[in-house]
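Here is how the chains run, residue by residue.
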Amino acid sequence: MEYAVTIHQAVRTFGATRAVDGVDLQIPKNSVYALLGPNGAGKTTLVRMIATLLRPTSGEIMVFGKHVVRRADEVRRDISLTGQFASLDEELTGSENMRMLTRLYGYRSSGANMRADELLEAFGLLDAGSRQVKNYSGGMRRRLDIAASLVVQPRIICLDEPTTGLDPRSRNMVWTVVRQLAASGTTVLLTTQYLEEADQLSDRIAVIDRGRIIAEGTSGELKQLIGSAKLHIRLHNAGERERALEVLETVEGVTIVRDIDSAALSCDISGTVDGYEVLGKLVREGIAVDEFSFGRPSLDDVFFMLTREDPSQL
Ligand SMILES: Nc1ncnc2c1ncn2[C@@H]1O[C@H](COP(=O)(O)OP(=O)(O)O)[C@@H](O)[C@H]1O
Ligand SMILES: [Mg+2]
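Residues numbered from 1 in each chain as written. Chains lettered and ligands numbered in written order. Predicted model: local features only at pLDDT ≥ 70, side-chain atom pairs only at ≥ 80, totals over all residues.

S.K.: How would you summarise the site of ligand 1 if you had to cite specific residues and measurements?
M.R.: Residues in contact with ligand 1, as listed here, are Phe-14, Thr-17, Ala-19, Gly-37, Asn-39, Gly-40, Ala-41, Gly-42, Lys-43, Thr-44 and Thr-45. For the shell around ligand 1, the element with the highest residue contribution is helix α1 (residues 43-50), accounting for three residues. The residue inventory of the shell around ligand 1, partitioned by class, reads three nonpolar, seven polar and one charged. (Near = placed C-beta within 6 Å. Helix = DSSP H or I, 4+ residues; strand = E, 2+ residues; numbered from the N terminus. Nonpolar A, V, L, I, M, F, W, Y, C, P; charged D, E, K, R; others polar.)

Have a look at this one:
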């Protein structure tokens, strides 16, 4: 079996709201998979169904081949969920929280303490372990929350918006944790509103909007969806710009974007055109190029293209 999770036509309604509205999805084992979408898209609802915390209204969800409703107890042994809102005891120290959890999971006292310290160390929290959680920064809390869900290493972990509200430094630490988890063989399902995060961390991305998957693939594939890349050129001699434009206009799949700068040129090149070929044409015409760069479309562009809405306006 290649998939950690397979979802067939999953629906979840809350009254008249179709929070998840017919989702088909397959999450490969040992991968990092991102559910990317704006607030209210249905990410948490989908994750909670996968984690057996919410029953699908209809449809089938299997986790490592086990049905999330019929074999919920077995699924729970394989899966760990870290919520958008951490559930730690504020009054206890980080170390006390972890020791309590390790005991709950069946470790005996000395083993519990060892496992707790091991996790605190792995998440850079050993020194902070003696402080009360209420005095932790957002990033420390989030890391402790992830550590808490790893007392027993799960086959799959669901991280629901693990970096929402974090400063860039804390966000980077959480990213490191996610990469380490994936490297240790745990399948990671994460939800995010950040296009860059999905791009940076995940092997595959499903873009979710209003309860539906509107696109799925690797970040490269999603970028391909919107087709073109950009080529930026700076000419050695601004006087050759008109001639350069004439050359580029003859190349199929190249659309020129005028720059204000008199020595610069930008063009959109379609997915099938090799940017270096385009450059080569200029060089063969004896037009000297000082600098060039290729730009790929961002996932923001993809989202905008797919939904025709600016995600920051949602
Ligand atoms: N327990 C609930 N009761 C009623 N409506 C809900 C409940 N949970 C989620 N919803 C609604 O379902 C939709 C999807 O929510 P959610 O899954 O939390 O989205 P996301 O996690 O992507 O922000 C929203 O319209 C939300 O208001
Ligand atoms: Mg959510």
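S.K.: Residues and numbers for helix α5 (residues 138-148), please.
M.R.: Residues spaced three or four apart along an α-helix point in a common direction, a consequence of the helix completing one turn every 3.6 residues. Counting buried positions along α5 gives nine out of 11 residues, so the element sits mostly inside the fold. Taken together, the buried positions of α5 are occupied by Gly-139, Arg-141, Arg-142, Arg-143, Leu-144, Asp-145, Ile-146, Ala-147 and Ala-148. At its buried positions, α5 is contacted by β6 (79-82), α3 (94-104), α4 (109-122), β7 (156-160) and α6 (168-183). (Buried ≥ 20, exposed ≤ 12 C-beta atoms within 10 Å, placed from the backbone. Contact = placed C-beta atoms within 7 Å.)

S.K.: Which residues make up the sheet that holds β6, and what values go with them?
M.R.: The six strands are arranged β6-β7-β8-β3-β9-β10 in an open sheet whose pairing can be described as mixed. Each edge of the open sheet carries a strand with a single partner, namely β6 and β10 (212-217). Shown here is a sheet whose adjacent strand axes are inclined to one another by a mean of 15°, direction ignored. Relative to β10, strand β9 (residues 204-209) runs antiparallel, the two sharing five bridges. Within β10, the position partnered with Asp-209 by the bridge is Arg-212. (Pairing = 2+ DSSP bridges. Axes fitted to C-alpha atoms, helices over the stretch in contact; angles between N-to-C directions.)

S.K.: Mind laying out the packing of α5 against α6, listing which residues take part and the relevant values?
M.R.: Between α5 and α6, the shortest axis-to-axis distance is 8 Å and the interhelical angle comes to 15°. Overall, the two elements α5 and α6 adopt an arrangement that is roughly parallel. For the element pair α5 and α6, the recorded crossing hand is right-handed. In this structure, α5 contributes Gly-138, Gly-139, Arg-142, Arg-143 and Ile-146 to the contact, and α6 contributes Arg-169, Ser-170, Met-173, Val-174 and Val-177. A per-class count over the contact of α5 with α6 returns four nonpolar, three polar and three charged. (Parallel < 35°, antiparallel > 145°, perpendicular 65-115°, else oblique. Left-handed = near helix turned anticlockwise from the far one by under 90°.)

S.K.: Just give me the short version of the sheet that holds strand β13 (residues 264-269), but keep the residues and values in it.
M.R.: The antiparallel open sheet is built from four strands, whose spatial order is β12-β13-β11-β14. Each edge of the open sheet is held by one strand with a lone partner, namely β12 (254-257) and β14 (289-295). Each adjacent strand pair in this sheet contributes to an overall mean axis angle of 25°, direction not counted. Sheet analysis places β12 next to β13, joined by four bridges and oriented antiparallel. Its bridge partner being in β13, Val-254 is matched across the sheet by Ile-269. Those strands touched by helix α10 (residues 275-284) are β11 (229-235), β12, β13 and β14, and its axis lies near 160° from that of β14.

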